[in-house]
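Coordinate inspection notes
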Amino acid sequence: MVPLPTLDALDLVTIPTPCTVPWDHMGGDSRTRFCDQCRQNVHDVSELTRAEALDLLSASDRSPCLRLYRRPDGRVLTADCSTRRERVWEWLDRRSQWAAALFALLFFTGCDMLGAPKCATGEAAPPGAPQPVAPVVTDGAVSIALGAAETTER
């Protein structure tokens, strides 16, 4: 079954005659400014969330003055619209724990930290090869234990 596209009132809004007063010449904040020529508030829909814009459209009998931008797909741009980059980062963020687990599984399965030292082929180190140095903790002091080949008499 193919889902039908849903349209909301915000995407159906058209502005037949846009206001000629530049946004920068109006007084107010980034969301709402007052137009001295029209004598009414002009709302920038790109600074409102989609729910706020729909509430604004349905709040009064008269259509409010709006400043809006349309995306290439025809939808009206609102403050809660995410860009492609933001959607990719959200997708990656949701999968970051999974990716970290996969990385650990792939790259750390060959590490044998507790067993005998192995060379790159996975075989045991030959006799007489230098042994790795391991710290030894006794009574809060740390000392270095040397391999059997490097032990000195005192």
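Higher on the page you've got the structure.
An account of the accompanying structure is given in this report. Residue numbering note: each chain is counted from 1, following its sequence as written. The model is predicted, so local features are restricted to residues of pLDDT at least 70 and side-chain atom pairs to those at 80 or more, both for listing and for counting; the totals for chains, interfaces and linings are taken over all residues. Side-chain numbers here rest on the full set of heavy atoms in the structure, without hydrogens or water.

Before going further, it helps to spend a moment on the nonpolar core. Buried Ala, Val, Leu, Ile, Met, Phe, Trp, Tyr and Cys residues that are joined via side-chain atoms within 4.5 Å together make up what is termed a nonpolar core. Only protein chains enter the accessibility calculation, which uses a 1.4 Å probe; a residue whose area is less than 20% of its type maximum is buried, one above 50% is exposed, and one in between is partly exposed. In terms of nonpolar packing, the biggest core is built from 7 residues, these being Leu10, Val13, Val45, Ala53, Leu66, Leu68 and Val76. By the convention used here, residues are in contact when the closest approach between their heavy atoms is within 4.5 Å. Setting aside anything within four residues of it in sequence, one finds Ala53 in contact with Leu10, Val45 and Leu48.

This brings us to the pairing of strand β2 (residues 32–35). What you see with β2 is a clean split: Arg33 and Cys35 sit on the buried side and Thr32 and Phe34 on the side with no burial. By the convention used here, strands pair only if DSSP detects at least 2 bridges between them. Secondary structure elements follow DSSP: runs of H or I no shorter than four residues count as helices, runs of E no shorter than two count as strands, and numbering proceeds from the N terminus. Hairpin connection between strand β1 (residues 27–28) and β2: a loop of 3 residues separates the two successive antiparallel strands. Relative to strand β3 (residues 40–44), β2 runs antiparallel, the two sharing 4 bridges. Within β3, the position partnered with Arg33 by the bridge is Val42. The hairpin turn running from β2 into β3, its antiparallel successor, is 4 residues long, and Arg39 in that turn takes a positive phi close to 60 degrees.

What follows covers the layout of surface pockets. Considering only enclosed or pocket space, the largest pocket measures out at about 480 Å³ in volume. Cavity and pocket criteria rest on a 1 Å grid covering protein atoms alone: a 1.4 Å probe that fits but cannot get out defines a cavity, protein on both sides within 12 Å along at least 5 of 7 lines defines an open pocket, and an atom within 4 Å of a point defines a lining residue. Every residue lining the largest pocket is counted, 23 residues in all, and those nearest its centre are Ile15, Pro18, Cys19, Cys65 and Leu66. With 3 residues, the single largest contributor to the lining of the largest pocket is strand β4 (residues 65–67). Residues belonging to the lining of the largest pocket are distributed by class as follows: 16 nonpolar, 4 polar and 3 charged. Grid points are joined across faces, edges and corners, and a volume is the space filled by probe spheres set on the points. In this classification, Asp, Glu, Lys and Arg are treated as charged, Ala, Val, Leu, Ile, Met, Phe, Trp, Tyr, Cys and Pro as nonpolar, and every other residue, Gly included, as polar.

Turning our eyes to something else, we now look at the pattern of salt bridges. Throughout this description, the term salt bridge denotes a Lys or Arg side-chain nitrogen within 4 Å of a carboxyl oxygen of Asp or Glu. On inspection of all chains with the given rule, the structure shows 4 salt bridges. A salt bridge links Glu52 to Arg31, with the nearest nitrogen and oxygen atoms 3.1 Å apart. Taken together, the residues Glu52 in helix α1 (residues 50–59) and Arg31 in the loop between β1 and β2 connect sequence positions 21 residues apart. Exposure remark for Arg31: the relative accessible area of 33% places this residue in the partly exposed category.

The next point concerns the pairing of β3. Taken residue by residue, a regular strand's side chains alternate between the two faces of the sheet. Of all 5 residues making up β3, 4 are buried, and the element is well covered by its neighbours. In this sheet, β4 lies alongside β3 in parallel orientation, the contact comprising 3 bridges. When the bridges of β4 are listed, His43 appears paired with Leu66.

What follows covers the side chain of Arg33. With respect to the helices, strands and loops of the structure, Arg33 is situated in strand β2. Buried within the structure, Arg33 lacks any salt-bridge partner; its nearest side chain of opposite charge belongs to Asp24, at an N-O separation of 4.3 Å. Counted as a polar contact is a pair of N or O atoms within 3.5 Å, where, for protein atoms, one must be capable of donating a hydrogen and the other of accepting one, and residues adjacent in sequence contribute only when both atoms are in side chains. One polar contact links the side chain of Arg33 to the main-chain carbonyl oxygen of Trp23, over a distance of 2.8 Å. Residues contacting Arg33, with those up to four places away along its chain left out, are Trp23, Asp24, Met26, Gly27, Gly28, Gln40, Asn41 and Val42. Positive: Lys, Arg. Negative: Asp, Glu. His and the chain ends are not part of the count.

Okay, the side chain of Gln40 next. Position of Gln40 relative to the elements: it lies in strand β3. Here the side chain of Gln40 touches Arg62 through a polar contact of 2.8 Å, side chain to side chain. Setting aside anything within four residues of it in sequence, one finds Gln40 in contact with Arg33, Phe34, Cys35, Arg62 and Cys65.

Attention now goes to a nonpolar patch on the surface. A grouping of Trp98, Leu102, Phe103, Leu105, Leu106, Phe107 and Phe108 is seen on the molecular surface, where their side chains present a nonpolar patch of about 820 Å² in accessible area. Tracing the backbone shows Phe103 in helix α3 (residues 96–108). Residues form patches when they are more than 30% accessible in relative terms and have no salt bridge. Like charges link within 9 Å. Nonpolar side chains (Val, Leu, Ile, Met, Phe, Trp, Tyr) link within 5 Å. Only the protein chains shown count as covering a residue, and every accessible area follows the Shrake-Rupley method with a 1.4 Å probe.

Here we take up the state of the cysteines. We call a pair of cysteine sulfur atoms a disulfide when they lie within 2.5 Å. For the coordinates displayed, the defined rule picks out 0 disulfides. Left unpaired, Cys35 is separated from the closest cysteine sulfur, that of Cys38, by 3.6 Å. Among the residues examined, Cys35 registers a relative accessible area of 0% and is labelled buried. Looking at the unpaired Cys65, the closest cysteine sulfur is the one in Cys38, lying at 5.1 Å.

Purely geometric numbers; function is a separate question.
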